[in-house]
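Chain residues, written in single-letter form:
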Amino acid sequence: MYWHDHENFRVLPWKKEQNAYKIWLSEIIMQQTRVEQGTPYYERFIAQYPTVQQLAAAEDTDVYRLWQGLGYYNRCRNLLATARFIANELQGHFPDDYETLLNLKGVGQYTAAAIISFAFNKPYAVVDGNVQRVLARFFGIEIPVDGTAGKKYFQQLAQDLLERSDPAGYNQSIMDFGATVCKPAVPLCEACILQPKCVAYKNQMVNLLPVKSKKNIVKTRHFNFIIFLFKKKIFIQQRQSKDIWFHLYQPYLFETSAKATEMEVNRHLQDVLKVDVALASEGESMQKLSHQTIIAQFFSARVTSPDSLRKEAGKWVAFTELKNIAFPKTIVHFFEKKGYF
């Protein structure tokens, strides 16, 4: 705690926050997101929806639009569901017991512990990647952090070490220490106050800990987007399957197992959509997700009548409307590049 009181200069807008709504919001936004990326989103959400009741009353489209670019859109879906449950069923009050918090959509052990320790100062250890790294290195623990046994081990160890007189301060301290001193790459070992007792440092194992047993298998997907145009309108569809970008909008898409040629795209237009139009290539882009790499090709096709796509689920929207609709980052970048908005 000495380091936290005298040397912890990390500034975050939600630090020392005791409002359960703001703590919950920050934790949901920061899941699988770098602090530098997530902080502006947190600030925009708080400005737009300062209370859980205001978030609960918001239109889905508006919230998805505000979330646009953060990825992992199931978090946004859970965010809305939990906000509405808190506002409507619990009269706007977050539960102050751990088990009830765990039953909220999108709230796991880490988020529940964060809410209950920071908002209610109850003795629950918050264990994230930063905490696991500090503990693994300091104690020289070689149990994989991503296995069931490892997760239980580190959770119990963190709970045993928790400063019960100030759980919020202790949790914030060890997380910040892992983020700023005991960093994943190039840790500040020479300036670390724990160095004299650090097992990893003594045994030259700093770069070997923590241990991870699993490797993400990244698959490549080929998306072919066709920008159907009619006057100053674009045909768009809402993604419905529980895949990436659920509930976001996109131009007409068909996916192929490999990069499609322009001839294959034309054949799809004629055989599947029964549309005979001139096709123009508009370039391609790549977006890397945690488990997927999306290679997107864009084509434009101007139709003579909006009825050309009457059999397809979707809608025509004016260029001027596009900024009010939530699209995946890949589509946003394409629209910006082409000047559609």
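Before reading further, recall that the structure is shown in the block above.
Remember, predicted model here, so these are calculated numbers, not experimental data.

J.: Tell me about the pattern of salt bridges, residues and numbers included.
T.: Tallying each qualifying case throughout the model produces 9 salt bridges. The closest approach of N and O atoms between Arg-10 and Asp-176, which form a salt bridge, is 2.9 Å. Here the residue Arg-10 occupies a position in the loop between α1 (2-6) and α2 (20-30), and Asp-176 occupies one in helix α11 (residues 167-180), the gap between them amounting to 166 residues. The class of Arg-10 is partly exposed, set by a relative accessible area of 23%. Salt-bridge contacts for Arg-221 lead to Glu-255; the nearest nitrogen and oxygen are separated by 2.9 Å. Taken as a pair, Arg-221 in strand β1 (residues 219-230) and Glu-255 in strand β3 (residues 249-256) lie far apart in primary sequence, 34 residues in all. Through salt bridges that share partners, Arg-221, Arg-239, Asp-243 and Glu-255 make up one connected network.

J.: How would you explain the nonpolar core if you had to name every residue and give the values?
T.: Core analysis: the largest hydrophobic core is formed by 96 residues, its most contacted members being Trp-24 and Phe-45. Filtering out sequence-adjacent residues up to four positions away, Trp-24 remains in contact with Leu-55, Leu-79, Thr-82, Ala-83, Phe-94, Val-107 and Ile-115. Core analysis: the second largest hydrophobic core is formed by 18 residues, Ile-226, Leu-279, Phe-299 and Val-303 among them.

J.: Give me the packing of helix α9 (residues 129-139) against helix α10 (residues 148-161): which residues, what numbers.
T.: Packing of α9 against α10 brings their axes to within 11 Å, and their N-to-C directions diverge by 85°. Classified by the angle their axes make, α9 and α10 are roughly perpendicular. For the pair α9 and α10, contact is made by Val-131, Gln-132, Leu-135, Ala-136 and Phe-139 and by Phe-154, Leu-157, Ala-158 and Leu-161, respectively.

Thresholds applied
- Residues numbered from 1 in each chain as written.
- Predicted model: local features only at pLDDT ≥ 70, side-chain atom pairs only at ≥ 80, totals over all residues.
- Heavy atoms only, no water.
- Salt bridge = Lys/Arg side-chain N within 4 Å of Asp/Glu carboxyl O.
- Helix = DSSP H or I, 4+ residues; strand = E, 2+ residues; numbered from the N terminus.
- Buried < 20%, exposed > 50% of the residue type's maximum accessible area, 1.4 Å probe, protein only.
- Core = buried A, V, L, I, M, F, W, Y, C linked by side-chain atoms within 4.5 Å.
- Contact = heavy atoms within 4.5 Å.
- Axes fitted to C-alpha atoms, helices over the stretch in contact; angles between N-to-C directions.
- Parallel < 35°, antiparallel > 145°, perpendicular 65-115°, else oblique.

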